[in-house]
Amino acid sequence: MGGLVGVLGVSLATASGCSGDSSSSGDTEGAGAAGQGGTGAAGQGGDLGLTTSSSGTGIDPEEACAAQSAEATLVKRPVDVIFIIDNSGSMGNEIESVQNNINDNFAAIIGAEGVDYRVIMLSEHGAVGDESICVSMPLSSTACDPVPDQPGNNDPVFFHYSTPIASHDSLCRALRSYSGTVADQYGYAPGGWSEWLRQDSLKVFVEITDDGVSCNANINGNTVQLNDNDNEAGGITAAERFDTALLGLSPEHFGTVDQRNYVFYSIVGLAENDPMDAPYAPADPMVLGQCNTAVAPGSAYQALSRTTGGLRFPLCQTASYNVVFQAIAEGVIQGATLACDFAVPEAPVGETIDLATVEVQYTPSAGDAQVFTQVGSAAECAAGSFYIEAETTIHLCPDACTVVQADAAAKIDVLFACTITPD
């Protein structure tokens, strides 16, 4: 049996993640923007410190496996955005500012970038004067003038799960309403807001409240106690407990502690940054000071943002919600290209791909090609590596994914040896 070599070319000229099907001859292309976990920007990729050669690999790309090559389909990742909005008596101005900005300064920006998004609203439907919210067209199906008796759900882009959110219980309400333990007031989703989540989407939470966390939730027979005590230690503990409960509800939707599939943005009562409308980055310290109309700094929400890579904003600056919503929209757009996986190509007729020989070659926009090494599983991931799952899917490990996604003009080739299958 003669050994041959195959090349799978994955062009990243207009996309940062790689995902989709491949074929033996077709050329397809996709688009996207860089980012992982809601953060990141396109630019020049990094150097993983790998050795390189003139060909960049031990396999010669010129010795093509029966002269076959394939182009992977590059796609933007769908994003499900879950807004959780406090309906307590002090939230009227903030709710009105959300209504005024969620269409033009959020949904329209995401839609213009071609991201497949949907918005799920967890908050009581109604008029601002009652500290409730009515989302208007074009995101919803209603003009909110007058406010209709029921939300204007607009499949597939907008779904409102109407449930009153009190000052301290938003995280518990989110957990309990996920599967319908706390029912939607209009019976739209008997199985909870989980009915509206998509399996392959990145989940993005946007919390809007002027208070802290103090609540209990019974999840699958276990009581989850959340109390941030308006301090850093309490916020970290409450965030860890919520994170554990959320991941336990559905690893398929929210990921695992090693690879979360959600990002948490906070519009809460923390003191303003400098300048006042600038967000706090995930790496910035916890802020325990409060802005002037807030009750508490929202330390648990801040801790969740810091853990998941989300931004934090002061909710008191209602006149700047256009800037806030634009920044969150940009984060959603970047997070839409999170995936770093692609299908193992079909072998040419009469041949079999030797998976043990597969190599991934990364060519940055500037510099020599570098070879990513194959490891046995996700648990063995290291810098500059990848693994193959179920003999069907190639996954770049997190460090390799981060480097590739930071390079808008990167190129990925998958090289493999084939053997001729006996008749």
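Further up the page is the structure itself.
Because the structure is a prediction, the values reported are computed rather than measured.

K.L.:
What am I meant to see in the overall build of the protein chain here?
P.N.:
The number of helices and strands found in the protein chain is 8 helices and 16 strands. The buried share of the protein chain, reckoned over its 423 residues, is 53%. Summarising the internal contacts of the protein chain: among those between residues at least 6 apart in sequence, 73% fall at separations of at least 24. On the protein chain, roughly 16800 Å² of surface is accessible, and the fraction owed to carbon and sulfur atoms is 47%.

K.L.:
When you look at the pairing of strand β9 (residues 262-268) in this model, what are you seeing that I'm missing?
P.N.:
Within a regular strand, side chains alternate between the sheet's two faces. Summarising burial for β9: 7 of the 7 residues are buried, a large majority. Every second residue of β9 is oriented toward a common face, with Y262, F264, S266 and V268 on one face and V263, Y265 and I267 on the other, all of them buried. Pairing of strand β6 (residues 202-208) with β9, which is carried by 6 bridges, proceeds in the parallel orientation. When the bridges of β9 are listed, F205 appears paired with F264. Note: β9 against strand β10 (residues 312-314), 3 bridges, orientation parallel. Its bridge partner lying in β10, V268 is registered against P314. After leaving β9, the chain enters helix α6 (residues 299-308) and then returns to the sheet as β10, a path that is right-handed.

K.L.:
Looking at this model, I keep getting lost on the packing of helix α1 (residues 92-101) against helix α7 (residues 321-335). Mind explaining?
P.N.:
Any two packed helices are characterised by how steeply their axes cross, that is the angle between the axes, and by the distance between the axes. Put simply, α1 and α7 touch, their axes get as near as 10 Å, and they point 60° apart. On the basis of the axis angle, α1 is oblique to α7. Crossing handedness for the pair α1 and α7: right-handed. Facing E94, S97, V98 and N101 of α1, the residues of α7 in contact are Y321, N322 and F325. The class makeup of the residues in the contact of α1 with α7 is 3 nonpolar, 3 polar and 1 charged.

K.L.:
It is not clear to me how the packing of aromatic side chains should be interpreted in this structure. Could you clarify?
P.N.:
To describe a pair of aromatic rings, one takes the distance between the centres and the angle between the planes. Scanning all chains against the criterion turns up 18 aromatic pairs. Ring geometry for Y362 versus F372: centroids 5.7 Å apart, planes at 25°, classification stacked. In this pair, Y362 is assigned in strand β12 (residues 351-363) and F372 in strand β13 (residues 370-375), connecting sequence segments 10 residues apart. Across the pair, F372 and Y362 agree in class, each one buried.

K.L.:
Help me understand the pairing of strand β4 (residues 117-122), please; the structure alone is not making it clear to me.
P.N.:
Taking burial as the measure, the 6 residues of β4 include 6 buried ones, the bulk of the element. Along β4, one buried face is formed by Y117, V119 and M121 and the opposite face, lined by R118, I120 and L122, is buried too. Inspection of the sheet shows strand β3 (residues 79-85) paired to β4 by 6 bridges, in the parallel sense. The partner of V79 across the bridge, within β4, is Y117. Bridge count for β4 against strand β5 (residues 158-161) is 4 bridges, and the pairing is parallel. Looking at the pairing, I120 lines up with F159 of β5.

K.L.:
For this particular structure, what's the right way to read the side chain of S194?
P.N.:
Relative to the assigned elements, S194 resides in the loop between α3 (170-177) and β6. A relative accessible area of 17% means that S194 is categorised as buried. A polar side-chain atom of S194 sits 3.3 Å from the main-chain carbonyl oxygen of G191. When residues no more than four places from it in sequence are discounted, the contact partners of S194 are Y178 and S179.

K.L.:
Sorry if this is basic, but what is going on with helix α4 (residues 232-249) here?
P.N.:
Think of an α-helix as turning once every 3.6 residues; residues three or four places apart then point the same way. Its 18 residues give α4 an end-to-end C-alpha distance of 26 Å, which sits within 8% of 26 Å, the value for a rise of 1.5 Å per residue. Turning to α4, its buried residues are G234, G235, A238, A239, F242, D243, A245, L246, L247 and L249. The N-capping residue of α4, defined by a side-chain oxygen 3.4 Å from the backbone nitrogen of A233, is N231.

K.L.:
I tried to follow the pattern of salt bridges on my own but got confused; where do I start?
P.N.:
A pair can form between side chains of opposite charge whenever their charged atoms are brought close. Scanning the model with the defined rule gives 4 salt bridges in all. The partner of R198 in a salt bridge is D80, with the nearest N and O atoms 2.8 Å apart. Remark: D80 occurs in strand β3 and R198 occurs in the loop between α3 and β6; sequence separation between them is 118 residues. The buried category is assigned to D80, whose relative accessible area is 0%.

K.L.:
Would you explain the sheet that holds β9 in this entry?
P.N.:
Strands in a sheet are paired, the pairing made by backbone hydrogen bonds, and the direction either parallel or antiparallel. Read across the sheet, 6 strands follow the order β5-β4-β3-β6-β9-β10 without closing on themselves; strand pairing throughout is parallel. Each end of this open sheet is capped by a strand with a single partner; those strands are β5 and β10. Ignoring strand direction, the axes of neighbouring strands in this sheet form an average angle of 15°. Each of β3 and β4 touches helix α2 (residues 103-112); the most contacted strand, β4, lies at about 160° to it.

K.L.:
Sorry, what's going on with the nonpolar core here?
P.N.:
Side chains that are nonpolar tend, in soluble globular proteins, to be buried together. In terms of nonpolar packing, the biggest core is built from 43 residues, with W193, F205, L226 and F254 touching the most fellow members. In this structure, L226 is in contact with L171, C172, V213, S214, C215, N216, A238, R241 and F242, ignoring residues within four places of it in sequence. Core analysis: the second largest hydrophobic core is formed by 40 residues, I85, A107, Y117 and V204 among them.

K.L.:
Where do I start with unusual backbone geometry in this structure?
P.N.:
Glycine aside, residues mostly have negative phi angles, and peptide bonds mostly take the trans form. The peptide bond linking M137 to P138 adopts the cis configuration, its omega dihedral lying at 5°. With respect to the helices and strands, P138 occurs in the loop between β4 and β5. Unlike most non-glycine residues, E131 shows phi in positive territory, near 55°. Relative to the helices and strands, E131 resides in the loop between β4 and β5. The phi torsion at D230 lies on the positive side, around 55°, for a residue other than glycine.

What counts and how
Along each chain, numbering runs from 1 in the same order as the chain's sequence is written. Two thresholds apply to this predicted model, a pLDDT of at least 70 for residue-level local features and 80 or more for giving and counting side-chain atom pairs, whereas whole-chain, interface and lining totals are computed over all residues. Hydrogen atoms and water are omitted, and side-chain values are computed over all heavy atoms in the structure. Numbered from the N terminus, helices here are DSSP runs of H or I no shorter than four residues, and strands are runs of E no shorter than two. Buried means the residue's accessible area, taken with a 1.4 Å probe over protein chains only, is under 20% of the maximum for its type, while exposed means over 50%, and partly exposed covers the values in between. Residue contacts are counted whenever heavy atoms from the two residues lie within 4.5 Å of one another. Accessibility throughout is a Shrake-Rupley quantity obtained with a 1.4 Å probe, and a residue counts as covered only by protein chains that appear here. Two strands are counted as paired when DSSP detects at least two bridges linking them. The crossover handedness rule: strands pointing away from the viewer, path from first strand over the helix to second strand clockwise, crossover right-handed. In this analysis an axis means a line fitted to C-alpha atoms, helices contributing only their contacting stretch, and an angle means the value between N-to-C directions, from 0 to 180 degrees. Roughly parallel covers angles under 35 degrees, roughly antiparallel covers those over 145, roughly perpendicular covers 65 to 115, and oblique covers all other angles. Crossing chirality is assigned from the near helix's rotation relative to the far helix, an anticlockwise turn below a right angle marking it left-handed and a clockwise turn marking it right-handed. Lys, Arg, Asp and Glu make up the charged group, whereas Ala, Val, Leu, Ile, Met, Phe, Trp, Tyr, Cys and Pro make up the nonpolar group; the residues left over, Gly among them, are polar. Note on aromatic pairs: the rings of Phe, Tyr and Trp (six-membered ring only in Trp) are paired at centre separations within 6.5 Å, and the planes decide the class, stacked below 30 degrees, edge-to-face beyond 60, tilted for the rest. As used in this structure description, the phrase polar contact means that two N or O atoms lie within 3.5 Å; if the pair is within protein, one of them must be able to donate a hydrogen and the other to accept it, and residues adjacent in sequence are counted only when both atoms belong to side chains. A helix is expected to span 1.5 Å multiplied by its residue count minus one. Here, a salt bridge means any Lys or Arg side-chain nitrogen found within 4 Å of an Asp or Glu carboxyl oxygen. By convention a nonpolar core is built from buried Ala, Val, Leu, Ile, Met, Phe, Trp, Tyr and Cys residues, the set being connected through side-chain atoms within 4.5 Å.

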